[in-house]
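Chain by chain, the residues:
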Amino acid sequence: MGQDEVVAEKPGGDQRAADPAIDLARGEFEGAGGVCCRRLAQEGIEEIARSCLVERFCDIAAIVRLGEAGEARAIAVEAEGDARCRIGEGRVEEDEVFVGRQAVERAGDAAASGQDDVAQVGIGECPGFDGAAIRRSAGSCCFFVSGAYGRAGNRLRPMIESVRRPLGGVAFSGNETIMDRRKFIRGVATGAAGVSAAATLAAPAIAQGNPKLQWRCISSFPNSLPALFGAARYIADYVREMTDGQFEIQTFAAGEIVPGGQVLDAVQNGTVEMGHTASYYYVGKDPAFAFGTTVPFMLNARQQNAWFDQGGGNELLDAFFEKQGIFARPAGNTGAQMGGWYRKEINSVDDMKGLKMRIAGLAGQVMAKLGVVPQQIPAGDIYASLEKGTLDAVEFVGPYDDEKLGFVKVAPYYYYPAWWEGGAATHAMITLDKWNELPKPYQAIVKAACEAANGHMLATYDWENPKAIKRLVGAGAQLRPFTQEIMQASFEASQEVMQEITGKNAEFKKLYDSQTAFRAESYLWEQLSEYNFDTFMMIQQRSGAL
């Protein structure tokens, strides 16, 4: 929707047109909110004005600029239920800069009259965030104050302190802070010669002697799916914090640079340095890509991680990925997924014949042997296709993600389990040359960040899915298990597909042999421990004892 023209009244009553930054913020957007804090110092106020709307990074945010000749201007953006934006600009009393919610509420007079030695200040306040992060862009006196991700708040505090002290002890909080501008500028002026040295002494050792880098990471997932898209941001936050801002990774959702299915291509050809995706999206290039995510009737999430880390899986994939011009590490796992949404009940293998189902990759090949007609339909068209009957069924992920897509309204039968995705992993992929150029400390940090993101995603799904499945059932979802007949027929069809591929693809066979050997050993052990413990506890849950 279009924005009403914004004008501001200067002292003396004359009218003037809105600042160009506000012009950039006008237009029709799907939503509003937020400041992309990582870009402030590098790209300036106009880019932030655009990003805060397009990226919807926070629910409430404000940007304050201290312009030429001390004139202060502010841009405030607030997300509302109907996705409208509120924009204003103006002046306030001297010596104060309001940040957080106060800046939003006082958008008409949200900044102090400034001096040229303070160029711009960005402000953000996000519900559910705590802590505060401040970054100094060397030589430009550009600063950003923002609510930090809750999970990172404690880790950020040492960094905040290291920057805060040499700047004259300016205090910041997550919600509302008033900065004494004279004290702030005095701290900068009197410490000009010593700021750089003090900041260096206070910075983590990892940041000393390593280059300043800025990468871009594209995701295969939209930002409307926080567990999946959030993994890329989790990695970026981790790397930035561990390097004291020396290594910045800017994240982009699917479609912002390339479509979600082209992440691998963009990394391979150097369009971007990094991507976050599911490698089985690319089985059309080589079926061996499936082992980076999951293979039908293979491993659950714990087994998948064990194979990656202890069973030589990462090393086998390293050799395969190197031939593809990338380096990659596991960076997320969904756990066992649901078997999809169906417009009618599926009680036998015969019921599957002629079924038009959105399912891809190796699972699609297996389903085809059972008479299913696999469909390739963009995610944005799934709902309409189900509603019209162009599709009979769709598989996606599980309750937490599926709930957001509204499938329950048009395909009420929710089947389980997804035998083709017992523990689907995602990967962070990096252009091989870029990876090899990274200093060893940075390589270690990226690996650690991916490992942390891997555990974080699985924990998110384990926490959110139980709540989401209850909501879905309340909304009309009818839970159905696949019958043993269907499961057995699917297993046998899967074995046929695997044998067909291993007979003609040596890379696939090498990975398949490794995983199947571990699968046999692992399920032998899990019959004794996990299976019996989980079964007993599930019986207690059903009896109401828990």
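Preceding block: the structure.
Residues numbered from 1 in each chain as written. Predicted model: local features only at pLDDT ≥ 70, side-chain atom pairs only at ≥ 80, totals over all residues. Heavy atoms only, no water.

## Remarks on unusual backbone geometry
- Cis geometry is found at the peptide bond from tyrosine 416 to proline 417, where omega equals -5 degrees.
- With respect to the element layout, proline 417 can be found in the loop between strand S18 (413–416) and strand S19 (425–431).
- Phi is positive for aspartate 244, which is not a glycine, with a value near 55 degrees.
- Positive phi values are uncommon outside glycine, yet phenylalanine 297 reaches one of about 55 degrees.
- Mapped onto the elements, phenylalanine 297 comes out in the loop between strand S12 (274–277) and helix H9 (301–309). (Helix = DSSP H or I, 4+ residues; strand = E, 2+ residues; numbered from the N terminus.)

## So, the pattern of salt bridges
- Tallied over the full model, the rule gives 14 salt bridges.
- Ionic pairing is found between aspartate 392 and lysine 356, a salt bridge with its closest N-O pair at 3.4 Å. Linking aspartate 392 in the loop between helix H12 (382–388) and strand S17 (393–394) with lysine 356 in strand S15 (residues 356–358), this pair joins segments that are 36 residues apart in sequence.
- When the shortest N-O distance is used, the salt bridge between aspartate 513 and lysine 509 registers 2.7 Å. Of this pair, aspartate 513 and lysine 509 both sit in helix H17 (residues 506–526), four residues apart, roughly one helical turn.
- By relative accessible area, which is 35% here, aspartate 513 ends up partly exposed.
- The network of salt bridges with shared partners includes Arg343, Lys356 and Asp392. (Salt bridge = Lys/Arg side-chain N within 4 Å of Asp/Glu carboxyl O. Buried < 20%, exposed > 50% of the residue type's maximum accessible area, 1.4 Å probe, protein only.)

## Thoughts on the sheet that holds S18
- The sheet built from six strands is open, its strands ordered S16-S15-S17-S14-S18-S20 with mixed pairing. Across the chains shown, the open sheet's two edge strands, defined by having one partner strand only, are strand S16 (373–375) and strand S20 (478–481). (Pairing = 2+ DSSP bridges.)

## Side note on the environment of lysine 409
- Following the sequence through the fold, lysine 409 ends up in the loop between helix H13 (399–405) and S18.
- Taking C-alpha positions, lysine 409 is 10.0 Å from leucine 472, a pair spaced 63 residues apart along the chain.

## Focus on helix H7 (residues 226–242)
- For H7, spanning 17 residues, the distance from its first C-alpha to its last is 23 Å, which sits close to the expected 24 Å at 1.5 Å a residue.
- With 14 of its 17 residues buried, H7 lies for the most part within the structure.
- Aspartate 244 lies just past H7 and shows a positive phi near 55 degrees. (Expected span 1.5 Å × (residues − 1).)

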